[in-house]
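# Tertiary structure, described
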Amino acid sequence: MGSMCAANVRCYAAALQSGHLLVDLGEKHLPLRHSHHRYRIDGPNGVQTLTVPLVGSTNNMMTPLRDVLISEHGDWRRLHWGALFSAYGRSPYFDYVADDLSRVINGSQRYLHDFNSQLHAVIVDFMDLPLATRYVDAIGGNDLEGASDLRGRIAMKKADSLPLVNVEYYQMWKGATGFKADLSVLDLMMNMGREGIFTLMKMAAAE
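Report follows, based on the coordinates.

Rules of the game
Residues numbered from 1 in each chain as written. Predicted model: local features only at pLDDT ≥ 70, side-chain atom pairs only at ≥ 80, totals over all residues. Heavy atoms only, no water. Buried < 20%, exposed > 50% of the residue type's maximum accessible area, 1.4 Å probe, protein only. Helix = DSSP H or I, 4+ residues; strand = E, 2+ residues; numbered from the N terminus. Pairing = 2+ DSSP bridges. Salt bridge = Lys/Arg side-chain N within 4 Å of Asp/Glu carboxyl O. Contact = heavy atoms within 4.5 Å. Polar contact = N/O pair within 3.5 Å; in protein donor to acceptor, adjacent residues only side chain to side chain.

## Here's the deal with the pairing of strand β1 (residues 20–24)
A regular strand carries its side chains on alternate faces of the sheet. Here β1 lies mainly inside the structure; 4 of its 5 residues are buried. Relative to strand β4 (residues 132–136), β1 is paired through 5 bridges, and the arrangement is parallel. Its bridge partner lying in β4, histidine 20 is registered against alanine 132.

In structure tokens form, the structure reads like this:
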């Protein structure tokens, strides 16, 4: 799969199913993969999509993911952290992961894949996920032997085609709108902590 920004819960369930995650930094066609630099959270004002701004036009489909630069336009880091605090500041596990998460969100990464990989490391470490991650410059046939290729199967604008079922878990802002299944794994992490792994396992086991 390509590098994803705080990928959704279904993506992590699929990755956990195999125990290995192969990230293709040579992937192109970025405009078709909005989850590369966007993630969805749920807060007091409903579901919100947070976007990491990029340098240049994302319509340049020939730019390898490893070369995609982050723009500091619009003070986005402060806005992201404010949105995360507003959404999850009172959640059961926010205080336990806030320092590590803040170091990434308010960091100085130049490349999108650095930002994404650092977020991924915080998530895997805090949730204690048995997930081995390997970054390659371009995925070849040998890399995919016996593996599932998730590239193009996970996007934010349409439902994915993964053989998983949604498993409900505690959400602070569930309210009258009901359970939301397509949020960033950050939502699961904040609400369920390390017990979130059992949600991911149930999703994967229900194939």
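## As for the pattern of salt bridges
Under the counting rule described, the total for this entry stands at 7 salt bridges. For aspartate 182, the salt bridge goes to arginine 40, with nearest N and O atoms at 3.2 Å. Of this pair, aspartate 182 sits in the loop between β4 and α5 (185–192) while arginine 40 sits in strand β2 (residues 38–43), placing them 142 residues apart in sequence. Under the relative-accessibility criterion, aspartate 182 is labelled partly exposed at 41%. In this structure, arginine 66 engages aspartate 137 in a salt bridge whose closest nitrogen and oxygen atoms are separated by 3.2 Å. With arginine 66 in the loop between β3 (46–51) and α2 (76–88) and aspartate 137 in the loop between β4 and α5, this pair connects stretches of sequence that are 71 residues apart.

## What about helix α1 (residues 9–18)?
Burial of α1 is extensive: 8 of the 10 residues sit out of reach of the surface. Those residues of α1 that fall on the buried side of the exposure criterion are Val9, Arg10, Cys11, Tyr12, Ala13, Ala14, Ala15 and Leu16. In this fold, the buried residues of α1 make contact with β1, α4 (112–127), α5 and α6 (196–205). Of the residues flanking the start of α1, the one acting as N-cap is asparagine 8, its side-chain oxygen 3.1 Å from the backbone nitrogen of arginine 10. One or two positions beyond α1, positive phi appears at glycine 19, with a value near 85°.

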